[in-house]
Amino acid sequence: MIIEFGHFALILALCVAMLQTGLTLRGAARNHWGMMEAGRMAALAQFALIALAFATLVHAYAISDFSVLNVAENSHSDKPLLYKLSGVWGNHEGSMVLWVLILSLYGAAVSWFGDSMPPRLAARVLGVMGMIGVGFLLFILLTSNPFLRLSPAPADGNGLNPILQDPGLAFHPPFLYLGYVGNAVSFAFAVAALIEGRVDAAWARWVRPWTLASWCTLTVGIAMGSWWAYYTLGWGGWWFWDPVENASLMPWLASTALIHSSIVVERRDTLKSWTVLLAILTFSLSLVGTFLVRSGVLTSVHAFALDPRRGVFILLLLLAAIGGSLTLYAFRAPKLESGGVFAPVSREGALVLNNLILVSCAATVFIGTLYPLFLDAVGGPKLSVGYPFFDRTFVPLMIPLLVAVAVGPMLAWKRGDLLGAFQRLWAAGIAVLVALLIGFYLTWGGPVLAVLGLGMAAWVGMGALVELAERLRLFRASWQESWRRALNHPRSAYGMTLAHLGLAVTVAGLAASAFQTENIALMHLGESIPLSGFTLRFDGIGKHDGENYTADAADFTLLNGEGAGERVVAELRPERRFFPLQQQTVAKTAIHTNLLSDFYVALGDPDGNGGWAVRAYWKPLVPFIWIGAIIMALGGAVSLSDRRWRVGVASRRAAKGALPVNGGRA
Amino acid sequence: MNWRRVLFLLPLALFMVLAVYFWAGLSPDHDPSLLPSAMIGKPEPVFNLATLDNSGALTTDGMKGQVVLINFFASWCVPCREEHATLMDFAKISSVPLYGIAYKDKPADSAQFLASLGNPYKRVGLDQDGRTGIDFGVYGVPETYVIDKQGIIRWRHVGPLDADAIAKELNPLLQSLGGS
């Protein structure tokens, strides 16, 4: 009964979304306040209804109601509660409901905070978001309905893929979707601006918080996914250039470009049509990613269950959303140009360079990911071009980008002084030299490119610090003066420094991965193997039972030093978990980290004679990859807290003279 | 319509081309493995590859006089993972030797790939620079070739081998060649 309630709520949400679209768009066209206001209420109602539908689905999973087909197919009564709940979005249908839930959450947020915007712009944004909602709600109800019943109900369910039963993955999709779907807001702003035919600094200021918020969550989501792959798959890899991973990387690259180009629109009132195109592109890439993952067009280890009907439906959605917005763009965007001119060497110029490179990166990933599809269409097969392609195309693009990251913020708007910028970056230059010297000293004869990568990381990191020191006039003015400047330095600028520092940390982690050492051996009880100057001893093996699996658990001791000086560094307990329901074995790796490097041990198969295959790795700086990503997201969050996004609100209201400065709901 | 307007139409035009490809990708009657090869009926390219277990070189001459299967694979290739179980089953029941060529792959990664998923290959040659792959006309991995007793390429399968292709095409061919 409860699940029918949810089903009904979702159908009602579809009606409300249609209403929202009609009321807001028509209200904005006729400048009818009442219709626009009703449309805003509809956005709130849509969120409430989808939240209700989602809650009934969660409830069905929590109580293991196997009379619901979706629950029976994807859950099992033995599963720990956490994975029963995360199972809601661990399958195609449920994850689509999460998708529209987040879309409607953003819609409700735009409606709630929309007071600060011109009512017609807010109404049009909500209208576009309503259309997207209608499309995806129809998609769920017609092709991917999780509320269908199964009769007679089975005694138990099929369970969730054991590899997905992991806390890291339980929270990965919600973050990823917050990022993906957040791009829908920027997209809606872009389309609304095209309808109005006006893009200005104020528009850039209103759209920026949404872009930043979705970028932050997408960054966290991608980092979580990569971390999960690292510790779960037992290979020690953290990025496989898999189509599903690429599907999340492409919108990330595009939205990184968007964050940067919208600064130019805000400050210099130029690059407008480009920024609008980027906003469309970013969301389009999110949609294409959804299409690729769910249509079976590409082969992937993560792909959802396939159904050609779904593929056709999503393709139609793509045609409507991307084709429609690009058509609008083709006719409206030529009118947007104007604004300030700038020299090639200037802050704007550097941001354009940043955009060009990031978009090229996205295009590279796009071509590499879709290459199999292009071949397929001309009669070719399903193939993957794999990492050799990406290594050779993506990495060379990153080098000029990293050089520019440090220089760009040092340049003045309109016309910059390149030589001067490099001169002021002398400290960063020294940092690069030191990094290179240390790198080559420690790893002489090792991978040269990796040491250069560490040099790039030092350049980006030190460059960010030098830029901050310059702004605060650190070491030049008195301490009091610098302190005063530090207090007045805008949060968005601190955010940039943090995000660039995060990038440096991630780059260091990526570069250093070339120095990893590994030891793959067949080990018997009591044996030891060397691992990068340490010793790994195999102490014991036992069995233990989990809630829905049985495991072989091994005891390893990591030792440092020899003979009498030997001491224990860490105990490592990797497991091999067998899930009887799915007849599947999953490795549970053991990782000892000191945040500078990881010792990584995975237990393989037994040989039947008391020997166990053991894969052990030493991975220097690998935690930096994710720490850097978290710092980047933190930078975005700090930037998001900048007063500027709220000051615009206050001044506009003060100008109208109708509301107190701190009034309203914002 | 001036050139500037055309420029603004470009994104739409590109997307439309892409949409056609997407549409083609969805078509169910599209058989990806039917790809004629210019190499069929020609002698197998000459190669001399280092092997994964350092057991001497894997060469064209070493295979002469018997029907063999050559499978190009790589640890970084997702379809190869999908194909692997099929190859394992094939190696268990078939007497035709299956040779692997690790295409543009680091030896350590290939070794790890086979250690964790099992090794269906009689021997594994290392084609790290992809040179042998180019000689064979490999588009990408995985690809499988049948070489007859005279060293002539008789069959090529592009993309992952599946039970269907083995039952309907490969096994009849191997029987007619006198391989099994």
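What you see is a predicted model; the values in this text were computed from it and never measured.

## Brief notes about the overall build of chain A
A tally of helices and strands in chain A yields 21 helices and 10 strands. Considered along the principal axes of its C-alpha atoms, chain A spans approximately 80 × 75 × 55 Å. By the burial criterion, 53% of the 666 residues in chain A qualify as buried. When contacts within chain A are restricted to residue pairs at least 6 apart in sequence, long-range pairs at least 24 apart make up 74% of them.

## Side note on the overall build of chain B
On a plain count of helices and strands, chain B comes out with 5 helices and 7 strands. Element order for chain B, N to C, with α for helix and β for strand: α-β-β-β-α-β-α-β-α-β-β-α. In terms of overall dimensions, chain B has C-alpha extents of about 70 × 35 × 30 Å along its principal axes. Going through the 180 residues of chain B one by one, you find that 37% of them count as buried. Restricting the contact set of chain B to residue pairs at least 6 apart, pairs at least 24 apart contribute 75%.

## Quick look at the pairing of strand S2 (residues 528-531) of chain A
All names here are of chain A. Inspection of the sheet shows S2 paired to strand S3 (residues 534-545) by 4 bridges, in the antiparallel sense. If you follow Ile-529 over to S3, its bridge partner there is Leu-536. Connecting S2 to the antiparallel partner S3 that follows it, the hairpin turn spans 2 residues, and Ser-532 within it adopts a positive phi of roughly 50 degrees.

## A look at the packing of helix H16 (residues 426-442) of chain A against helix H17 (residues 448-472) of chain A
All names here are of chain A. Two elements in contact, H16 and H17, have axes separated by 8 Å at closest approach and are oriented at 155 degrees. Taken together, the axes of H16 and H17 are roughly antiparallel relative to one another. In the packing of H16 onto H17, the handedness of the crossing is right-handed. Packed against H16, whose contacting residues are Ala-427, Ala-428, Ala-431, Val-432, Ala-435, Leu-436, Gly-439 and Phe-440, the element H17 presents Val-451, Leu-454, Gly-455, Ala-458, Trp-459, Met-462, Gly-463 and Val-466 at the interface. A breakdown of the residues in the contact of H16 with H17 according to their chemical character gives 13 nonpolar, 3 polar and no charged.

## Some points on the sheet that holds strand S8 (residues 590-593) of chain A
All names here are of chain A. With antiparallel pairing, the 4 strands of this open sheet are ordered in space as S1-S10-S9-S8. On the outer flanks of this sheet lie strand S1 (517-523) and S8, each paired with one strand and no other. Neighbour-to-neighbour, the strand axes of this sheet turn through a mean angle of 15 degrees, independent of strand direction. Sheet analysis places S1 next to strand S10 (residues 612-620), joined by 7 bridges and oriented antiparallel. Across the sheet, the residue bridging to Glu-518 is Tyr-617, located in S10. Sheet strands in contact with helix H20 (residues 622-640) are S8, strand S9 (597-606) and S10, and its direction is about 115 degrees off that of S9.

## Description of the environment of Glu-571 of chain A
Residue and element names in this part refer to chain A. Mapped onto the elements, Glu-571 comes out in strand S5 (residues 567-572). Taking the C-alpha atoms as reference points, Glu-571 and Phe-556, 15 residues apart in sequence, are found 5.8 Å from one another. When near neighbours in sequence (up to four residues on either side) are disregarded, Glu-571 contacts Asp-555 and Thr-557.

## A closer look at the domain arrangement of chain A
A common way to report how large an interface is uses the accessible area buried once the components associate. Residue and element names in this part refer to chain A. Considered domain by domain, chain A is made up of domain 1 (1-165) and domain 2 (517-623). A straight line from the C-alpha centre of domain 1 to that of domain 2 covers 43 Å. Between domain 1 and domain 2, the contact holds 8 residues from the first and 8 residues from the second. Taken together, the residues of the side of domain 1 that touches domain 2 break down into 3 nonpolar, 3 polar and 2 charged.

## Brief notes about the sheet that holds strand S3 (residues 68-73) of chain B
Residue and element names in this part refer to chain B. Pairing in this open sheet of 7 strands is mixed, and the strands run S2-S1-S5-S4-S3-S6-S7 from one edge to the other. Of all the strands in the sheet, just strand S2 (58-59) and strand S7 (153-158) have a single pairing partner and so form its edges. Summarising the sheet, strand S1 (residues 48-51) and strand S5 (residues 123-127) pair through 2 bridges and their orientation is antiparallel. Counted as the bridge partner of Thr-51 is Gly-125 from S5.

## Quick look at helix H2 (residues 33-62) of chain A
Helix length check: H2 of chain A, at 30 residues, gives a terminal C-alpha distance of 44 Å against a target of 44 Å (1.5 Å per residue), a fit within 8%. The first or second residue beyond H2 of chain A is Ser-64 of chain A, which carries a positive phi of 50 degrees.

## Here we look at the confidence of the model for chain A
Residues and elements named next belong to chain A. On average, residues of chain A carry a pLDDT of 86, and 92% of them reach 70 or more. Within the model, pLDDT remains below 50 along residues 300-305, and this stretch shows 16 contacts once partners closer than five positions in the same chain are excluded. In this model, residues 647-666 is a region of pLDDT below 50 whose contacts with residues beyond four sequence positions or in other chains number 17 contacts.

## Quick word on the confidence of the model for chain B
Residues and elements named next belong to chain B. Within chain B, residue pLDDT values average 81, and 90% of them lie at 70 or more. Taken together, the stretch residues 30-35 has pLDDT below 50 and engages in 13 contacts with residues farther than four places along the chain or on a different chain. Complex prediction metrics read pTM 0.81 and ipTM 0.76.

## Some details on the packing of helix H19 (residues 491-512) of chain A against H20 of chain A
Residue and element names in this part refer to chain A. For the pair H19 and H20, interaxial distance at closest approach is 7 Å and the crossing angle is 170 degrees. With respect to their mutual orientation, H19 and H20 come out roughly antiparallel. Split by residue class, the contact of H19 with H20 holds 18 nonpolar, 9 polar and 1 charged.

Rules and cut-offs
- All chains use their own residue numbering, which begins from 1 and follows the written sequence.
- The lettering of chains begins at A and the numbering of ligands begins at 1, in the order of writing.
- In view of the model being predicted, local features appear only for residues whose pLDDT reaches at least 70, and side-chain atom pairs are presented and counted only at 80 or more, with totals across whole chains, interfaces and linings using the full set of residues.
- A run of H or I in DSSP counts as a helix once it spans at least four residues, and a run of E counts as a strand once it spans at least two, with each numbered from the N terminus.
- To assign burial, the other C-beta atoms lying within 10 Å of each residue's own C-beta are counted, with C-beta atoms placed from the backbone; 20 or more indicates buried, 12 or fewer indicates exposed, and intermediate counts indicate partly exposed.
- Contacts here follow a simple rule: the backbone-placed C-beta atoms of the two residues must lie within 7 Å.
- Between any two strands, at least two bridges found by DSSP are needed for them to pair.
- Axis geometry follows a simple rule: fit a line to the C-alpha atoms, using only the stretch in contact for helices, then measure angles between N-to-C directions, giving values from 0 to 180 degrees.
- Here the angle decides the label: under 35 degrees means roughly parallel, over 145 means roughly antiparallel, 65 to 115 means roughly perpendicular, and every other value means oblique.
- Definitions for this section: a left-handed crossing has its near helix turned counterclockwise from the far helix by less than a right angle. A right-handed crossing has that turn clockwise.
- Amino acid classes used here: Ala, Val, Leu, Ile, Met, Phe, Trp, Tyr, Cys and Pro are nonpolar; Asp, Glu, Lys and Arg are charged; the rest, including Gly, are polar.
- Those domain boundaries reflect an automatic or database domain assignment.
- Each residue after the first adds 1.5 Å to the expected span of a helix.
- The score called pLDDT rates the predictor's confidence residue by residue, from a low of 0 to a high of 100.

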